[in-house]
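Read off the chains here:
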Amino acid sequence: MATYRQTAGHFIRWARTNKLTTVHIPAVRWNGPTQPLDDEQRWNVARRLVHDDTLKPEDRLAGLLLLLYAQGASAISRLTIEDVEAGAQEVRLHLGNAPVQLPEPVAQLARTVAANRKGHATIGALAASPWLFPGGQPGRPISTTQLTHRLNQLGIRPNQARSTALFQLATEIPAAILARTLGIHTDVAVAWQRLSAGDWTNYAAEISQRAARSHQQGIDVRDPR
């Protein structure tokens, strides 16, 4: 039961809102990284996903979309093959209204996953699955529960890792761009900007410095504008 406590909590809160139960489980508020190690751990896991080719490409891509682009498990599971624009020189991914240009080697991972999608539902199917991450039922994507379990096996706690990613991105990217590229509501982006207290006067300098650090560490994460 502990494995599904967050999912169960969401369900019970939904049931209470719809007057189906009187049981109440309060949501746990997360107010940003509790210590620098939160973000340090995020980058350590991201580097492993970038370089460890013994892991499944689809798991590596899903993990990187969460760690680098703050995509939740439910949003990742709903991605379709049409959300991936793979050109000769670049790969763009539609997470929000404006596509994100994926850096290498994340771009190559996206190409690989799009070309070699696997899932029980794809075996013997009459038509190709439209989902980037197919699930175990015909015509259905991977479930949020199953994807969360696979991310957990990579050492990723989706809710905490996504919050850490959003917190960090909000210090570097204006709220309007964050909402447009990551597919989150503008109000949510503004709330994270206020929480992180981002200083946009040094925006260009910070992006340049972060790009240099990421390149030295073996990860090229570009400004998604």
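Keep in mind that this is a model prediction, so the values were computed, not measured. (Residues numbered from 1 in each chain as written. Predicted model: local features only at pLDDT ≥ 70, side-chain atom pairs only at ≥ 80, totals over all residues. Heavy atoms only, no water.)

S.K.: Could you give an account of the overall build of the protein, naming the residues involved and the relevant values?
M.R.: For the protein, the helix and strand inventory stands at 10 helices and 3 strands. Reading the protein from its N end, one meets helices and strands in the order α-α-α-α-β-β-β-α-α-α-α-α-α. Expressed as a percentage of the 225 residues in the protein, the buried residues total 40%. For the protein, contacts bridging at least 24 residues in sequence account for 57% of all contacts bridging at least 6. As presented, the protein carries roughly 12,900 Å² of accessible surface, and 52% of it is formed by carbon and sulfur atoms. (Helix = DSSP H or I, 4+ residues; strand = E, 2+ residues; numbered from the N terminus. Buried < 20%, exposed > 50% of the residue type's maximum accessible area, 1.4 Å probe, protein only. Contact = heavy atoms within 4.5 Å. Areas by Shrake-Rupley, 256 points an atom, 1.4 Å probe, with all protein chains shown as cover.)

S.K.: Hey, could you go over the packing of helix α8 (residues 175–182) against helix α9 (residues 186–196) for me, with residue numbers and the actual values?
M.R.: Across the interface, α8 lies against α9 with an axial gap of 8 Å and an inter-helix angle of 130°. The orientation of α8 with respect to α9, classified from their angle, is oblique. Crossing of α8 over α9 shows right-handed handedness. On α9, the residues touching Ala175, Leu178 and Ala179 of α8 are Thr186, Ala189, Val190 and Gln193. In terms of residue class, the contact of α8 with α9 is made up of 5 nonpolar, 2 polar and no charged. (Axes fitted to C-alpha atoms, helices over the stretch in contact; angles between N-to-C directions. Parallel < 35°, antiparallel > 145°, perpendicular 65-115°, else oblique. Left-handed = near helix turned anticlockwise from the far one by under 90°. Nonpolar A, V, L, I, M, F, W, Y, C, P; charged D, E, K, R; others polar.)

S.K.: I'd like to hear about the nonpolar core, residue by residue, with values.
M.R.: Side chains of nonpolar character tend, in soluble globular proteins, to be buried together. Grouped together as the largest cluster of nonpolar side chains are 51 residues, with contacts concentrated most on Leu61, Leu102, Phe133 and Ile156. Excluding anything up to four places from it in sequence, Ile156 contacts Val45, Leu49, Gly63, Leu66, Leu67, Leu151 and Ala161. (Core = buried A, V, L, I, M, F, W, Y, C linked by side-chain atoms within 4.5 Å.)

S.K.: Tell me what's going on with the pattern of salt bridges, and back it up with residues and numbers.
M.R.: Tallied over the full model, the rule gives 4 salt bridges. Each of Glu58, Asp59 and Arg150 takes part in salt bridges that share partners, so that together they form one network. (Salt bridge = Lys/Arg side-chain N within 4 Å of Asp/Glu carboxyl O.)

S.K.: Describe helix α5 (residues 106–115), naming the residues involved and giving the relevant values.
M.R.: All of the buried residues along α5 are Val106, Ala107, Leu109, Ala110, Val113 and Ala114. Take α5 and look down its axis: the buried residues cluster within an arc of 160°, on one side only. (Arc of directions from axis to C-beta.)

S.K.: Mind laying out the sheet that holds strand β1 (residues 84–86), listing which residues take part and the relevant values?
M.R.: Judged by pairing direction, the sheet is antiparallel, and its 3 strands sit side by side in the order β1-β2-β3 without closing on themselves. Each edge of the sheet is formed by a strand with only one pairing partner; in this case those strands are β1 and β3 (100–102). Here the strands of the sheet are splayed against their neighbours by 25° on average, with no regard to which way each runs. The pairing of strand β2 (residues 91–93) with β3 spans 3 bridges and is antiparallel. Of the residues in β3, the one forming a bridge with Arg92 is Gln101. (Pairing = 2+ DSSP bridges.)

S.K.: Which residues make up the environment of Glu90, and what are the values?
M.R.: Looking at the element boundaries, Glu90 is found in the loop between β1 and β2. Taking C-alpha positions, Glu90 is 8.2 Å from Pro103, a pair spaced 13 residues apart along the chain. Here Glu90 is in contact with Glu85, Gln101 and Arg111, once residues within four sequence places are set aside. A polar contact of 3.5 Å, which involves the side chain of Glu90, links it to the side chain of Gln101. (Polar contact = N/O pair within 3.5 Å; in protein donor to acceptor, adjacent residues only side chain to side chain.)

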